[in-house]
Amino acid sequence: MMGPHWWHNRFRGWGYRLTIPRQAILEVLSRTSEHLSAEEIYLEVHKQYPSIGLATIYRTLELLVEMGIVNKFDFGDGRARYELSEDSKGPKHHHHLICTICGQVVDYRDFSEEEKRFFEDLENALSRKYNFEIKNHQVMFYGICDRCKNK
Ligand SMILES: [Zn+2]
Ligand SMILES: [Zn+2]
Ligand SMILES: [Zn+2]
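Each value, and the rule that gives it
Residues numbered from 1 in each chain as written. Chains lettered and ligands numbered in written order. Predicted model: local features only at pLDDT ≥ 70, side-chain atom pairs only at ≥ 80, totals over all residues. Heavy atoms only, no water. Pairing = 2+ DSSP bridges. Helix = DSSP H or I, 4+ residues; strand = E, 2+ residues; numbered from the N terminus. Contact = heavy atoms within 4.5 Å. Axes fitted to C-alpha atoms, helices over the stretch in contact; angles between N-to-C directions. Salt bridge = Lys/Arg side-chain N within 4 Å of Asp/Glu carboxyl O. Buried < 20%, exposed > 50% of the residue type's maximum accessible area, 1.4 Å probe, protein only. Donors = N, O, S within 2.8 Å, 3.2 Å for Na, K, Ca; no water. Tetrahedral: all angles 85-135°; square planar, octahedral: opposite > 155°, others 65-115°.

Novice: Explain the sheet that holds strand β2 (residues 70–74) residue by residue, including any values.
Specialist: On the basis of which strands lie adjacent, the open sheet formed by three strands has the order β1-β3-β2 and antiparallel pairing. In this open sheet, the two edge strands, each paired with only one partner strand, are β1 (36–37) and β2. In this sheet, strand β3 (residues 80–84) lies alongside β1 in antiparallel orientation, the contact comprising two bridges. What sits directly across from Ser-37, in β3, is Arg-81. Where helix α4 (residues 54–66) meets the sheet, it contacts β2 and β3, and its direction lies at approximately 110 degrees from that of β2.

Novice: I'd love a proper account of the pattern of salt bridges, names of residues and values included.
Specialist: One pass over the full model with this rule turns up eight salt bridges. Between Glu-86 and Arg-10 there is a salt bridge whose closest N-O contact spans 2.5 Å. Of this pair, Glu-86 sits in strand β4 (residues 86–87) while Arg-10 is found in helix α1 (residues 7–14), placing the two residues 76 residues apart along the sequence. Classification of Glu-86 by relative accessible area gives buried; the value is 18%. Between Glu-40 and Arg-81 there is a salt bridge, with the nearest N and O atoms lying 3.4 Å from each other. In this pair, Glu-40 is assigned in helix α3 (residues 38–48) and Arg-81 in strand β3, connecting sequence segments 41 residues apart.

Novice: So, the coordination of the zinc ion (ligand 2): which residues are in play, and what are the values?
Specialist: Cys-99 (SG), Cys-102 (SG), Cys-145 (SG) and Cys-148 (SG) make up the full set of protein donors to the zinc ion (ligand 2), lying at 2.3 to 2.4 Å. Geometry at the zinc ion (ligand 2) is tetrahedral, judged from the four donor atoms that bind it and their angles of 105 to 111 degrees at the metal. Here the donor residues of the zinc ion (ligand 2) are spaced in sequence according to C-x2-C-x42-C-x2-C. With Cys-99 in strand β6 (residues 95–99) and Cys-148 in helix α6 (residues 146–149), this residue pair connects regions lying 49 residues apart in the sequence. In this pair, the class of Cys-99 matches that of Cys-148, namely buried.

Novice: An account of the pairing of β3 is needed here, citing residue identities and associated values.
Specialist: Taking burial as the measure, the five residues of β3 include four buried ones, the bulk of the element. Where β2 and β3 come together, five bridges link them in antiparallel fashion. Each bridged residue has a counterpart across the sheet, and for Lys-72 the counterpart in β3 is Tyr-82. Between β2 and β3, which pair antiparallel one after the other, the connecting turn spans five residues, and Gly-76 there sits at a positive phi close to 85 degrees.

Written out as structure tokens, the structure reads:
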């Protein structure tokens, strides 16, 4: 038996109900480390809840993104991809390396001290320059992965 999921508090905070489509999508996303498209999420949800349609999946994903529970990415392959913004251990901040040939996405969070300092300095400088309070960032590096390079 798993303890209550971290997203319950978010729903309480927003005053929204945790409906079955919302719960089903969050459970699919919490079971995978992949960045799923709406169609892939739909296929997974469909196995358990055949009555939930694709339009509901799209609408629900938009809501979850707005609530900050789910991150939406564009990896340049023509479809939006989604992942949970946190896991039970807290915000799962990471950066992405994306292969433009096979579409492989590498998540990494073992940031070097140098990289951490670089992004901190950059955020501070941008905040000052534009008088803009930065809350978060997404980082994606596009290129060719190890496997594709060796083909
Ligand atoms: Zn970062
Ligand atoms: Zn590749
Ligand atoms: Zn990711």
